[in-house]
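Understanding the architecture of this molecule
These are the residues of each chain, in order.
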Amino acid sequence: MSVPVRLNRSQLSVPASSMRFIEKAATSDADVVFLDLEDSVAAGDKAEARANAARAPSSFDWGAKTLSIRVNAWDTPWTFRDVVAVLEGEGERLDLLMLPKVHRPADVHALEALVAQVELEQGRKKRVGLELIIESAEGVSNVDAIAAASSRVEALHYGPGDYAASTGARTTAIGEQDPAYPGDLWHYPMSRILVAARANGLRALDGPWSRHADLEGLEAAARRTAAMGFDGKWAIHPGQIETINTVFTPPQAEVEHARRILAAMEEAAIAKRGAATLDGRMIDVASIRQAEGLVARADRIAGR
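Scoring rules and cut-offs
Residues numbered from 1 in each chain as written. Predicted model: local features only at pLDDT ≥ 70, side-chain atom pairs only at ≥ 80, totals over all residues. Heavy atoms only, no water. Helix = DSSP H or I, 4+ residues; strand = E, 2+ residues; numbered from the N terminus. Core = buried A, V, L, I, M, F, W, Y, C linked by side-chain atoms within 4.5 Å. Buried < 20%, exposed > 50% of the residue type's maximum accessible area, 1.4 Å probe, protein only. Contact = heavy atoms within 4.5 Å. Salt bridge = Lys/Arg side-chain N within 4 Å of Asp/Glu carboxyl O. Arc of directions from axis to C-beta. Phe/Tyr/Trp six-rings, centres within 6.5 Å; stacked < 30°, edge-to-face > 60°.

Attention shifts here to unusual backbone geometry. You will see that Lys101, though not glycine, has its phi angle at about 50°, which is positive. You can see Lys101 is positioned in the loop between β4 (96–99) and α4 (105–122).

Further remarks concern the nonpolar core. Ranked by size, the top nonpolar core spans 65 residues in total, and within it Val33, Leu35, Trp62, Leu87, Leu97, Leu132 and Leu156 carry the most contacts. Once residues within four sequence positions are removed from consideration, Leu35 is found in contact with Val14, Ala16, Ile22, Ala53, Ala56, Trp62, Leu67, Ser68, Ile69 and Arg70. By size, the runner-up hydrophobic cluster in this structure holds ten residues, among which are Ala264, Met265, Ala268 and Val295.

For the rest of this paragraph, the subject is the pattern of salt bridges. Taken as a whole and assessed by the stated rule, the structure comprises 22 salt bridges. Between Arg6 and Glu154 there is a salt bridge whose closest N-O contact spans 2.7 Å. Remark: Glu154 occurs in strand β6 (residues 153–158) and Arg6 occurs in the segment before β1 (10–15); sequence separation between them is 148 residues. Grouping residues by exposure puts Arg6 and Glu154 together as buried.

Along helix α7 (residues 160–167), the residues classified as buried are Pro160, Tyr163 and Ala164. Along α7, the residues classed as buried sweep out an arc of 100° about the axis, all on the same side. Buried positions along α7 lie against α5 (137–141), β6 and α8 (187–199). After α7 finishes, the residue Gly168 shows a positive phi value of roughly 80°.

Attention now moves to the packing of aromatic side chains. This model, assessed by the stated rule, comprises four aromatic pairs. Taken together, a centroid distance of 6.3 Å and an interplanar angle of 80° make the contact between Tyr163 and Trp186 edge-to-face. With Tyr163 in helix α7 and Trp186 in the loop between α7 and α8, this pair connects stretches of sequence that are 23 residues apart. With relative accessibility at 3%, the residue Trp186 sits in the buried group. Linked through ring pairs, Tyr158, Tyr163 and Trp186 together constitute an aromatic cluster.

Below, the structure is given as structure tokens:
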């Protein structure tokens, strides 16, 4: 089963314990919003947050946004009730469930079975997809099998904070680089996640930038991620959305160049040539695939 095509430049995290924040998120410019039941919600507020998340999909107009809910991880006492409660909620506006701390394929299999059972019992017609956060050394080592664990999986996310903790990285900053390291500190896990996602036709998302007021640092981090090929990045504050959307929107000049590539290759095909030259650079079939992807992305953004 093919993964639904979704615009996913910015993904806004919203604590489900606050209906006021949820209402604001519904009117934001984020492509995707996920209502959080995990790290941003204190233990004593879990039940209230769960109830809010269950009714929020039908309580607000979410427009063209993709709507997701992050449940708690399997190593907590809350996961089962999270899944059941939000799938028993009114309406079928919910698109995705996000599972944190995915270490092995069995974590995905368990969630898939539970979701399928509740959907069947509730008579839900809309199939809910899954997003998985890879945020441990074990998760990265198993990421290929995790990505292929279920046809419901749509996206892999990189969780830099917990990943740093699991590997013993000497940092307490989430998503930031360490000048003591000669290079990109997170390149290896992010590359593994990206390749596993693409090999299985999934979206790949970068996690949060913790200094929410540091838009310059956010932009630099997002540009590195975008250059690698990731689809988008988390926003932990509405003020980060515009920067992230801008970085992950192809510049008009690049889109126009991609359209020229497609036109040049069309002319080459008519002339029965497998390659062509454009602006002094050789282009071929691989160039078509790159250009088509860029143009399709720009068209999705324009039509949002």
